[in-house]
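Close look at the chain arrangement
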Amino acid sequence: MINEAKKSIERSISEGIKGLGFKKKKHFYYKLIKPNIYATIGVSSFSALHVKCRAYSIQIGILYEDVEKIAYELTGINELALMRPIMGIDIGYLMPENRFKNWEFSYEFSNE
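Residues numbered from 1 in each chain as written. Predicted model: local features only at pLDDT ≥ 70, side-chain atom pairs only at ≥ 80, totals over all residues. Heavy atoms only, no water.

1. Some words on the overall build of the protein
Within the protein, the secondary structure is distributed over 2 helices and 6 strands. Secondary structure of the protein in N-to-C order comes out as α-β-β-β-β-α-β-β. Across its three principal directions, the C-alpha atoms of the protein cover 50 × 30 × 25 Å. Here the protein holds 112 residues, and the buried ones make up 29% of them. In the protein, 50% of the contacts between residues at least 6 apart in sequence involve partners at least 24 apart. Surface summary for the protein: the accessible area is close to 7,800 Å², and the carbon and sulfur share equals 56%. Each charge class in the protein can be summarised by its mean position, and for the 16 positive and 13 negative side chains these summaries are 3 Å apart. (Helix = DSSP H or I, 4+ residues; strand = E, 2+ residues; numbered from the N terminus. Buried < 20%, exposed > 50% of the residue type's maximum accessible area, 1.4 Å probe, protein only. Contact = heavy atoms within 4.5 Å. Areas by Shrake-Rupley, 256 points an atom, 1.4 Å probe, with all protein chains shown as cover. Lys, Arg positive; Asp, Glu negative; His and termini not counted. Charge placed at Lys NZ, Arg CZ, Asp CG, Glu CD.)

Take a look at the structure:
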């Protein structure tokens, strides 16, 4: 039951992000916003409240393709393959509360 609930929650999150025009690559969602510049969304999850629910946090970031190509030449690490942002922040810091924020979903939930 827990695995089914977790998959359902993550499917809903993914569908919402994709509904905004983002595509998924590895662990990140990305969307071209200007030539060579991508917006990214990362979703982190962890068990909370003694494994009775799953908590999710959202990170948003930006990836500059030209900068990543230079970094790849210098380091040999291809961040573009992962669409990992060069800069990012937890979405809670952009909200009025200005603090880390996560959303908790009970494993005993209904989609209704």
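2. Brief notes about the packing of aromatic side chains
Enumeration over the complete set of coordinates arrives at 2 aromatic pairs. Between the aromatic rings of Y30 and Y38, the centroid separation amounts to 5.8 Å while the plane-to-plane angle is 70 degrees, which identifies the pairing as edge-to-face. Across the pair, Y38 and Y30 agree in class, each one buried. Centre to centre, the rings of Y56 and F105 are 5.9 Å apart; their planes meet at 70 degrees, and the pair counts as edge-to-face. In this pair, Y56 sits in strand 4 (residues 53-64) while F105 sits in strand 6 (residues 103-106), placing the two residues 49 residues apart along the sequence. (Phe/Tyr/Trp six-rings, centres within 6.5 Å; stacked < 30°, edge-to-face > 60°.)

3. A look at unusual backbone geometry
In the Ramachandran plot, M83 falls in the positive-phi region, its phi being about 60 degrees despite a non-glycine side chain. Relative to the helices and strands, M83 resides in the loop between helix 2 (65-75) and strand 5 (87-90). Positive phi is not limited to glycine here, since N98 has a value of about 50 degrees.

4. Quick look at the confidence of the model for the protein
Per-residue confidence for the protein averages 86 on the pLDDT scale, and 90% of its residues sit at or above 70. For the protein, the element scoring lowest by mean pLDDT is strand 6, at 81; strand 2 (residues 28-34) scores highest, at 95. (pLDDT = per-residue confidence, 0-100.)

5. Topic: the nonpolar core
Counting 9 residues, the largest nonpolar core consists of I9, I13, I17, F22, Y29, A39, I41, Y56 and I58. Those elements giving two or more residues to this core turn out to be helix 1 (2-19), strand 3 (37-48) and strand 4. The element contributing the most residues to this core is helix 1, with 3 residues. Filtering out sequence-adjacent residues up to four positions away, I41 remains in contact with I17, F22, F28, Y29, I58, Q59 and I60. (Core = buried A, V, L, I, M, F, W, Y, C linked by side-chain atoms within 4.5 Å.)

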